[in-house]
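In case you want the letters, here they are:
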Amino acid sequence: MAGSKAFFLAILGCACLCSSVLAVRELSDVAMVDRFERWIVEHGHVYEDAAEKARRFEVFKDNVAFIESFNAGNNKFWLGVNQFADLTVGEFKSTIANKGFKPISANVPTGFKYENLSVNALPTSVDWRTKGAVTPIKNQEQCGCCWAFSAVAAMEGIVKLSTGRLISLSEQEIVDCDTHDTDEGCGGGWMDGAFEFVIKNGGITTESSYPYKAVDGKCKGGSKSAATIKGYEDVPANNEAALMKAVANQPVSVAVDAGGRTFMFYSGGVMTGSCGTELDHGIAAIGYGVESDGTKYWILKNSWGTTWGEKGFLRMEKDISDKRGMCGLAMKPSYPTEQK
Ligand SMILES: *[C@@H]1O[C@H](CO)[C@@H](O)[C@H](O)[C@H]1NC(C)=O
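Computed from a prediction, not measured in an experiment: that's the story for all the values here.

1. Quick look at empty space enclosed by the protein
Argument step 1. Under the counting rule described, the total for this entry stands at two cavities of 30 Å³ or more.
Argument step 2. Roughly 70 Å³ of internal volume is contained in the largest cavity.
Argument step 3. In this structure, the largest cavity is lined by Lys138, Phe149, Ser150, Ala153, Glu171, Gly282, Ile283, Lys301, Asn302 and Ser303.
Argument step 4. Looking at which element gives the most residues to the lining of the largest cavity, the answer is helix H4 (residues 146-163), with three residues.
Argument step 5. Split into classes, the residues belonging to the lining of the largest cavity amount to three nonpolar, four polar and three charged.

Next up, the structure:
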């Protein structure tokens, strides 16, 4: 008799334990659902049906868990639940939306006008934003034309430095009108291709006269040129010292591997550690500096709006042992040369 009573109590105890665990799980799910709903509103997402929404919720939950566990660790940078939080890293990696760098053409050897500068004579920190040579953060949205944004950021820089005027230039003109070789608008392209287009086109117009639409469109001919460039040069590959010489003198287009989960959710600090080198995204190096703990970094301008990174910007460790640089940033940098 006593035995069966103990057995009964044991079952009861177990049941109580199970239901309280369940309650806690439900409670955190309720909080997570609430968080997901707020995130949907914040980013203006719309789902086809309840099944899609339920599937996206599971991905969101998994990403939040990854982000929180990363942030609990000891890292020099941190992650945030940004606009990509309902995408798996596989989806983020495989889609060209938001990316679109296509380094298909072989680099034509160019000169490197900064080759004879001494690294020791360069300033220890440079930030072209403080010199008025960087326009506000833009957003390429669901169009794989990062390459146009990267090239435009570098051109806006050199135009400001050679004319004194900061003019926001048109990515859409490049997307619609530069349809040569590897350059395919939202389907991807290459920064050097964009520079070549602008040289042949006799210039590029302003953002306001040819605004961004985030889709491929028909080329509007006869746009009035607002700025021109003389040429472009490639920075010697896999050489962060050479990249430093260039960035000390002007904003530079760089390609990176942006397919990693930490890149996807980067929210601030100096990105360090392992990263891929399969270049799939074009951004612009707009400076460099040193943290108080001695960590050297590049400052980069992205085109994913201001809800990603440090209000749209990114810092990545500089002068790492891998000559290709963080996420391959030293593999294919290039820059336009001054206005004609
Ligand atoms: C760098 O120096 C070398 C040797 O003096 C010279 O031949 C070369 O033209 C210089 N490069 C540039 C870009 O001025």
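2. Some thoughts on the layout of surface pockets
Argument step 1. Considered as a void within the structure, the largest pocket measures approximately 310 Å³ in volume.
Argument step 2. Around the largest pocket, the lining comprises 16 residues; the ones closest to its centre are His45, Gln83, Phe84, Asn98 and Gln142.
Argument step 3. Counting residues per element, the lining of the largest pocket draws most heavily on helix H3 (residues 89-94), which supplies three residues.
Argument step 4. A per-class count over the lining of the largest pocket returns four nonpolar, nine polar and three charged.
Argument step 5. A volume near 150 Å³ is recorded for the second largest pocket.
Argument step 6. Among the residues making up the lining of the second largest pocket, the classes are represented as two nonpolar, four polar and five charged.

3. Some words on the state of the cysteines
Argument step 1. Per the counting criterion, the structure on display carries three disulfides.
Argument step 2. A disulfide bridge connects cysteine 177 with cysteine 219, and the sulfur atoms are separated by 2.1 Å. Handedness of the cysteine 177-cysteine 219 disulfide follows from its S-S torsion of about 95°: it is right-handed. One end of the pair, cysteine 177, is in helix H5 (residues 171-177); the other, cysteine 219, is in the loop between helix H6 (191-201) and strand S3 (231-234), and 42 residues separate them in sequence.
Argument step 3. Residue classification places cysteine 177 among the buried positions, given a relative accessible area of 12%.

4. What to know about the pattern of salt bridges
When charged atoms on two side chains of opposite charge get close, those side chains can pair.
Argument step 1. All chains considered together, the criterion is met by 22 salt bridges.
Argument step 2. Note that glutamate 184 and lysine 102 form a salt bridge whose closest N and O atoms lie 3.0 Å from each other. Here the residue glutamate 184 occupies a position in the loop between H5 and H6, and lysine 102 occupies one in the loop between H3 and strand S2 (126-127), the gap between them amounting to 82 residues.
Argument step 3. On the basis of relative accessible area, glutamate 184 is assigned to the partly exposed category, the value being 44%.
Argument step 4. Where salt bridges share partners, they join Glu52, Arg55, Arg56 and Glu91 into one cluster.

What counts and what doesn't
- Residues numbered from 1 in each chain as written.
- Predicted model: local features only at pLDDT ≥ 70, side-chain atom pairs only at ≥ 80, totals over all residues.
- Heavy atoms only, no water.
- 1 Å grid on protein atoms, 1.4 Å probe; cavity = no way out; pocket = protein on both sides within 12 Å on 5 of 7 lines; lining within 4 Å.
- Points joined across faces, edges and corners; volume = space filled by probe spheres on them.
- Helix = DSSP H or I, 4+ residues; strand = E, 2+ residues; numbered from the N terminus.
- Nonpolar A, V, L, I, M, F, W, Y, C, P; charged D, E, K, R; others polar.
- Disulfide = S-S within 2.5 Å.
- Buried < 20%, exposed > 50% of the residue type's maximum accessible area, 1.4 Å probe, protein only.
- Salt bridge = Lys/Arg side-chain N within 4 Å of Asp/Glu carboxyl O.

Read these as spatial facts, not as claims about activity.
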